[in-house]
Amino acid sequence: MTVFIFLGSLLAAMAIGVPIAYALLVSGVALMWHLDLFDAQILAQNVINGADSFPLLAVPFFMLAGEIMNVGGLSQRIVKLALTLVGHKRGGLGFVAILAACMLAALSGSAVADTAALAALLLPMMVKAGHDKARAGGLIASAGIIAPVIPPSIGFVVFGVAANVSISKLFLAGIVPGLLMGLAIAVTWYWVSQRENVTPPPKASTTEKLQALKESTWALFLPVIVIVGLKMGVFTPTEAAAVAAVYALFVATVVYRELHWRQLTEVFISAAKTTAVIMFLVAAAMVSAWLITVADIPRQLVGLLKPLMEHPTLLLIAIMVLVMAVGTAMDMTPTILILTPVLMPVVKAAGIDPVYFGVLFIINNAIGLITPPVGTVLNVVAGVGKMRMDDVTRGVIPFMVAQFAVMFLMVLFPSLVLVPMRWFTG
């Protein structure tokens, strides 16, 4: 009955158009009423405590770093470097999108920001070269969702806080899986692009490649600083986010000089708006998380899934299918905040490594960003590229299937994640 009231009130509120953050508060109030615990002070206290977290300070800093990189020329130089390296090959512009997405993912950690930059820069070039616009848009969308997996990742920050798991370990564990996602869509692109008659850009000379590398060197140093700093224990993920924002600001204003001081207000406001949405979601979700614990819902769920506890692989497959279904109707952040408090006790009871589960969970949620009908990243590509949502959805299907295949391979063969994870995390 408790589970029914929680899910029923949440889904009912969402069905009538209530924003997800407020729907979470509605479900929390309904659950408090059912448990005879309703107290406005408890509600307010949990909302405040939900946002009062030092690790969550990484979110505004990473959002700010992403905004600065898009406005300050760092993203454009990364794309230019990828273009000189692989743009001349058959289907080369698609490989440029994938390579640039992997490099941008190591800079910002925001799927929406990276996808918007890639779509604005590369989609017109791909269409002009003769690529099918829907397929090109689908590729860019699927490449953009690598951002929440390769560190630094806002999704890992939110999951780490909600699940009480080391964010540094999550960051380092996401490197290889993120690259495997890129490899999967690269293979898929190679297969689908062979049927297209396109005119690739001319091959860049050695001088042009060196020039592009020289211009992007400052941007490429950012992920090196973050990853090495985390690996060596120089700073925490929150401090790494602050370093990333300050470094991006320095490069954009002093080195590249493409971000003028009068533009900073607009950049700060844009980052603040996005951060406010995420933080309010986190604060509202913490009310539900507290009540889920008080209502002992995790123990009930563990009891329901007890037959699968002795078979961790089957349990993971069942959980991944559940998250896939939820991802078709809900955005990444609320999915993490709603499901993490419920699933983590089950995962721990089954003896599954929480960091390993976190990587799979975030990959699944990232792919959810390109699964219709919600598909936030699909909407970004459709908006930037002035395309119909149906066309982008049609174009993304083969790449989405490839990324789901990689995720389930990681479930069936945990060593794909665990071995690199132990190497990076020590």
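Residues numbered from 1 in each chain as written. Predicted model: local features only at pLDDT ≥ 70, side-chain atom pairs only at ≥ 80, totals over all residues. Heavy atoms only, no water.

Let us look at the side chain of Thr253. Along the chain, Thr253 turns up in helix α13 (residues 237-255). Looking at Thr253, the relative accessible area reads 11%, which means it is buried. Separated by 2.6 Å, the side chain of Thr253 and the backbone oxygen of Leu249 make a polar contact. (Helix = DSSP H or I, 4+ residues; strand = E, 2+ residues; numbered from the N terminus. Buried < 20%, exposed > 50% of the residue type's maximum accessible area, 1.4 Å probe, protein only. Polar contact = N/O pair within 3.5 Å; in protein donor to acceptor, adjacent residues only side chain to side chain.)

A word on the confidence of the model for the protein. Averaged over the protein, the pLDDT score is 84; the fraction of residues at 70 or greater is 96%. Of all helices and strands in the protein, the one with the weakest mean pLDDT is helix α15 (residues 297-304) (68), whereas helix α18 (residues 354-368) scores best (94). (pLDDT = per-residue confidence, 0-100.)

Counting 152 residues, the largest nonpolar core has Phe159, Phe357 and Ile370 as the members making the most contacts within it. Excluding its chain neighbours within four sequence positions, the residues that come into contact with Phe357 are Phe159, Leu316, Ile319, Met320, Leu343, Met344, Val347 and Ile352. (Core = buried A, V, L, I, M, F, W, Y, C linked by side-chain atoms within 4.5 Å. Contact = heavy atoms within 4.5 Å.)

Taken together, the side chains of Phe221, Val224, Val228, Met232 and Val234 make up a nonpolar region of the molecular surface, amounting to roughly 500 Å² of accessible area. Along the chain, the position of Val234 falls in the loop between α12 (206-231) and α13. The exposed category is assigned to Val234, whose relative accessible area is 60%. (Patch = residues over 30% accessible without salt bridge, like charges linked within 9 Å, V, L, I, M, F, W, Y side chains within 5 Å. Areas by Shrake-Rupley, 256 points an atom, 1.4 Å probe, with all protein chains shown as cover. Salt bridge = Lys/Arg side-chain N within 4 Å of Asp/Glu carboxyl O.)

A word on the environment of Ala51. With respect to the helices and strands, Ala51 occurs in helix α3 (residues 40-51). With a relative accessible area of 32%, Ala51 lands in the partly exposed category. With 209 residues separating them in the primary sequence, Ala51 and His260 have C-alpha atoms 32 Å apart. In this structure, Ala51 is in contact with Met279 and Ala283, ignoring residues within four places of it in sequence.

One can find Leu249 in helix α13. A relative accessible area of 22% places Leu249 in the partly exposed class. For the pair formed by Leu249 and Met69, sequence separation is 180 residues and the distance between their alpha carbons is 8.1 Å. Excluding its chain neighbours within four sequence positions, the residues that come into contact with Leu249 are Ile68, Leu259 and Leu264.

Moving on, we get to helix α8 (residues 133-144). In this model α8 runs 16 Å from its N-terminal to its C-terminal C-alpha over 12 residues, within 8% of the 16 Å that 1.5 Å per residue would give. Of all 12 residues in α8, 10 are buried, a share of seventy percent or more. Within the span of α8, buried status applies to Ala134, Ala136, Gly137, Gly138, Leu139, Ile140, Ala141, Ser142, Ala143 and Gly144. Against α6 (92-105), α7 (111-129), α11 (175-193), α19 (376-384) and α20 (389-412) lie the buried residues of α8. (Expected span 1.5 Å × (residues − 1).)

Turning next to the environment of Ala212. Inspection of the secondary structure assignment puts Ala212 in helix α12. Residue class for Ala212 comes out buried when judged on its relative accessible area of 2%. As a C-alpha pair, Ala212 and Lys80 span 132 residues in sequence and 6.5 Å in three-dimensional space. If sequence neighbours within four positions are ignored, Ala212 has contacts with Lys80, Leu81 and Thr84.

Let us now look at the pattern of salt bridges. Within the structure shown, the criterion is met by five salt bridges. Where Glu215 meets Lys80, a salt bridge forms, and the shortest distance between an N and an O atom there is 3.3 Å. With Glu215 in helix α12 and Lys80 in helix α5 (residues 74-86), the pair connects residues that are 135 residues apart, well separated along the chain. Since its relative accessible area comes to 24%, Glu215 is described here as partly exposed. One salt bridge connects Arg388 with Asp391, and the closest N-O pair in it is separated by 3.3 Å. Judged by relative accessible area, which is 23%, Asp391 ranks as partly exposed. Connected through shared salt-bridge partners, Arg388, Asp390, Asp391 and Arg394 make up one network.

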